[in-house]
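Structural features, examined
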Amino acid sequence: MQLLRPESAEQAVQALGNGSKALAGGTDLVPLLRDGIVRADTLVHVSRVVPRGIDGMRIGAATTLAEIEASDAVPEALREACRQAASPQLRSMGTVGGNLLQATRCWYWRLQFPCYLHGGDRCHAKAGAHREHAVFGNDRCASAHPSDVAAALLALGATIRTTRRELPIADLYRLPTDDDRDVTTLAPDELLLELEVPQADTSVYLKAMDRRKWAFPLVGVAAARSGAEIRIALAGVAPIPWALPSIDALDDATPLPGTAYKVEIARALVRRAVAGIGGLTR
Ligand SMILES: Cc1cc2nc3c(=O)[nH]c(=O)nc-3n(C[C@H](O)[C@H](O)[C@H](O)COP(=O)(O)OP(=O)(O)OC[C@H]3O[C@@H](n4cnc5c(N)ncnc54)[C@H](O)[C@@H]3O)c2cc1C
Ligand code: SF4
């Protein structure tokens, strides 16, 4: 395997695709490569070509979670989502771009069961152990998106600039289909460059975990208020970060036998989050 360190985004893009992968902090990708779950002939280190740092509403995709957590220019929901993600060591290596693109934690996928997301014809979690899995969007794959940060960015209405386009963060994600098992819309030779995160009047991020800290979200709830508008987004409940149009939309959840408890956690956290930003819960 070779490691490239391109000097420009153009060079990086040319080196991507055809069996190569972008490498940022490596906290997600390196273990996947080591375990043979992801294969790559070439790693393209993006540290010289993807912006790092915070400038007003703009956050470089190579900015670490630790840097975002420490910045008082960043809306509270995003700071708190970073603060509650992973461990301090991982937050000082892991970038926001890599966080948005991290792979599912579904143990069947990580143990390389030939499941739907790996291109197979069924979801092993649905018939098997699925306590940490999805309650929305789980028709084909019941994985639960692990990113706290993505839910916060979704509630805040962030947009993303890539080497090809600008898009609302919601459009970075898609549910897998028979034709395309990917859960993001990013092309193999496309890089995330920058996020633009509007300031909200107020915002919060609340997280339920199996441990008090350093665990992936069972349910994460981000809520942001700008004027009379309130936006809510959830982590850990669907194969992608999930926008919730209202508290009542939790009634539309389609939990598996082992994940119904997540709906009740989400109900409690959404009420608390909405009350916390001065919204009405009924
Ligand atoms: C033990 C553990 C616990 C964790 N707990 C949490 C948690 O509670 N909440 C949470 O939200 N996250 C959690 N994480 C995830 C962690 O935050 C991510 O691993 C980290 O942010 C990934 O960033 P990275 O820079 O290391 O990405 P990498 O590992 O380098 O890359 C990850 C993916 O993103 C792609 N990529 C990276 N940068 C770019 C770019 N600019 N353009 C295009 N593609 C790119 C890579 O090709 C790869 O596919 C945890 C991780 C671990 C290992
Ligand atoms: S939840 Fe998704 S990743 Fe996990 S076994 Fe089912 S199809 Fe595979």
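See above for the structure.
Scope of this entry: the structure provided in the associated data block. Computed from a prediction, not measured in an experiment: that's the story for all the values here.

Rules and cut-offs
Residues numbered from 1 in each chain as written. Chains lettered and ligands numbered in written order. Predicted model: local features only at pLDDT ≥ 70, side-chain atom pairs only at ≥ 80, totals over all residues. Helix = DSSP H or I, 4+ residues; strand = E, 2+ residues; numbered from the N terminus. Rg over C-alpha atoms; globule rule 2.2 N^0.38 Å. Contact = placed C-beta atoms within 7 Å. Near = placed C-beta within 6 Å. Nonpolar A, V, L, I, M, F, W, Y, C, P; charged D, E, K, R; others polar. Buried ≥ 20, exposed ≤ 12 C-beta atoms within 10 Å, placed from the backbone. Expected span 1.5 Å × (residues − 1). Arc of directions from axis to C-beta. Pairing = 2+ DSSP bridges. Right-handed = clockwise from strand over helix to strand, strands pointing away. Axes fitted to C-alpha atoms, helices over the stretch in contact; angles between N-to-C directions.

Turning next to the overall build of the protein. When helices and strands are tallied, the protein shows ten helices and twelve strands. In terms of C-alpha radius of gyration, the protein reaches 18 Å, essentially the compact-globule figure of 19 Å for 282 residues. Along the three orthogonal principal directions, the C-alpha set of the protein runs to about 55 × 45 × 35 Å. Sequence separation of 24 or more characterises 66% of the internal contacts of the protein that already satisfy a separation of 6 or more.

Position of Arg-211 among the secondary structure elements: in the loop between strand E9 (202-208) and strand E10 (219-226). Sequence separation of Arg-211 and Ala-266 is 55 residues, and the distance between their C-alpha atoms is 17 Å.

Before going further, it helps to examine the site of ligand 2. In the neighbourhood of ligand 2, 14 residues make up the surrounding shell, with Cys-106, Tyr-108, Cys-115, Cys-123 and Cys-141 lying closest. If you list the elements that add at least two residues to the shell around ligand 2, you get helix H7 (107-110) and helix H8 (124-127). Along the lines of polarity and charge, the residues of the shell around ligand 2 split into ten nonpolar, four polar and no charged.

With phi around 50°, Ala-86 is a residue other than glycine that occupies positive phi space. Positionally, Ala-86 belongs in the loop between helix H4 (76-83) and helix H5 (88-93). Owing to 22 C-beta atoms within 10 Å, Ala-86 belongs among the buried residues under this scheme. In the Ramachandran plot, Gln-112 falls in the positive-phi region, its phi being about 65° despite a non-glycine side chain. Note on placement: Gln-112 falls in the loop between H7 and H8. Here Gln-112 falls in the exposed class, since 11 other C-beta atoms lie within 10 Å of it.

Right, let's get into helix H10 (residues 260-276). In this model, H10 (17 residues) spans 25 Å end to end at C-alpha, consistent with the 24 Å of a helix rising 1.5 Å per residue. All of the buried residues in H10 are Lys-262, Ala-266, Leu-269, Val-270, Ala-273 and Val-274. Projected down its long axis, H10 carries its buried residues within an arc of 130°, all on one side. Those residues of H10 that are exposed and angled more than 90 degrees off the buried face are Ala-260 and Glu-264. The inward-facing, buried residues of H10 abut E9, E10, strand E11 (229-235) and strand E12 (242-244).

Attention shifts here to the sheet that holds strand E6 (residues 159-162). Spatial ordering of the open sheet is given by E4-E5-E8-E6-E7, a layout of five strands whose pairing is antiparallel. In the strand order of this sheet, the two ends are held by strand E4 (54-55) and strand E7 (166-168), each with one partner. The pairing of strand E5 (residues 58-60) with strand E8 (residues 192-196) spans three bridges and is antiparallel. Bridge assignment links Arg-58 to a residue of E8, and that residue is Glu-196.

Okay, the pairing of strand E3 (residues 42-45) next. Direction of pairing for strand E1 (residues 2-4) relative to E3: parallel, over a ladder of three bridges. Residue pairing for E3: Gln-2 is matched across the bridge by Thr-42. For the handedness criterion, the β-α-β arrangement of strand E2 (residues 20-23), helix H2 (residues 29-34) and E3 is classed as right-handed.

The next thing to look at is the sheet that holds E1. An order of E1-E3-E2 is seen for the three strands of this open sheet, with the pairing classed as parallel. Every other strand in the sheet has two partners, leaving E1 and E2 as the edge strands with one partner each. Between one strand and the next, the sheet's axes are offset by a mean angle of 25°, whatever the strand orientation. In this structure, E2 lies alongside E3, joined through four bridges in parallel fashion. Paired with Ala-22 across the strands is Val-44, a residue of E3.

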